[in-house]
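# Notes for the structure review
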Amino acid sequence: MTDTAETLHAKRAELLAQMGILEEKPTDHGSISFGKRVGEGTSMAVDRLSQVAVHDRLQSTLADVERALAKLDEGTYGTCDVCGEPVGEERLEVLPWAVRCVADAARG
Ligand SMILES: [Zn+2]
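Residues numbered from 1 in each chain as written. Predicted model: local features only at pLDDT ≥ 70, side-chain atom pairs only at ≥ 80, totals over all residues. Heavy atoms only, no water.

## With respect to the overall build of the protein chain
Of regular secondary structure, the protein chain possesses 4 helices and 0 strands. Taken from N to C terminus, the helices and strands of the protein chain fall in the order α-α-α-α. Burial analysis of the protein chain (108 residues in total) assigns 24% to the buried set. The long-range share in the protein chain, meaning contacts at least 24 apart out of those at least 6 apart in sequence, stands at 51%. Accessible surface, the protein chain: about 7400 Å² in total, of which carbon and sulfur atoms supply 55%. (Helix = DSSP H or I, 4+ residues; strand = E, 2+ residues; numbered from the N terminus. Buried < 20%, exposed > 50% of the residue type's maximum accessible area, 1.4 Å probe, protein only. Contact = heavy atoms within 4.5 Å. Areas by Shrake-Rupley, 256 points an atom, 1.4 Å probe, with all protein chains shown as cover.)

## Some thoughts on the coordination of the zinc ion
The zinc ion binds to the protein through Cys80 (SG), Cys83 (SG), Cys101 (SG) and Asp104 (OD), with metal-donor distances spanning 1.7 to 2.3 Å. Coordination at the zinc ion comes from 4 donor atoms whose angles at the metal span 105 to 116°, giving a geometry best classed as tetrahedral. Going along the chain, you hit the donors of the zinc ion in the pattern C-x2-C-x17-C-x2-D. Classification of Cys83 as partly exposed rests on a relative accessible area of 38%. (Donors = N, O, S within 2.8 Å, 3.2 Å for Na, K, Ca; no water. Tetrahedral: all angles 85-135°; square planar, octahedral: opposite > 155°, others 65-115°.)

## Describing the nonpolar core
Core analysis: the largest hydrophobic core is formed by 11 residues, namely Leu8, Leu15, Met19, Leu22, Leu58, Leu62, Val65, Ala68, Leu69, Trp97 and Val99. Here this core takes 5 residues from helix 2 (residues 38-74), the largest share from any one element. Here Leu69 is in contact with Ala5, Leu8, His9 and Arg12, once residues within four sequence places are set aside. Of all hydrophobic cores here, the second largest spans 5 residues; its members include Cys80, Val87, Leu92 and Ala98. (Core = buried A, V, L, I, M, F, W, Y, C linked by side-chain atoms within 4.5 Å.)

## Let's talk about helix 1 (residues 3-23)
Its 21 residues place the ends of helix 1 30 Å apart at the C-alpha level, agreeing with the 30 Å of an ideal helix rising 1.5 Å per residue. All of the buried residues in helix 1 are Ala5, Leu8, Lys11, Leu15, Met19 and Leu22. The buried residues of helix 1 occupy an angular sector of 125° when projected down its axis, which confines them to one face. Counted as exposed and oriented over 90 degrees from the buried face of helix 1: Asp3 and Ile21. (Expected span 1.5 Å × (residues − 1). Arc of directions from axis to C-beta.)

Put into C-alpha cells, the structure is as follows:
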C-alpha cells in the first residue's frame, strides 16, 4: 500500500469513527420533560442541528476520501475530476483527498 492510500484509509476510518459518535443516540432522551425545562429542550434542539451540520460535512469529506481512493485505483489520482488538470502537489499535501482543483472546488 502506498503512503497516500494509507493516509486516505486512515482518514476514512477517522471520519467513520466521528460519524459513529454523532449517530449515537443519547440514552437519557426519554426522561427529559420539555414542559418543565423548555430552555434545556431548546438548546438541545440547536445542538442537534449543529450535529447534523457537522455530520453533513463529515459525510461530504468521506465522499471525497472514497473518490480519491477510487482515483488511486483508476490511476487518475492527482488530476481534477472536473477539468482533468493536475490538482497540484501543494494542494494534495494539505488535502490528500482533494479530487478537484482549487478553481473547480471553489465553484462547488
Ligand atoms: Zn479542475
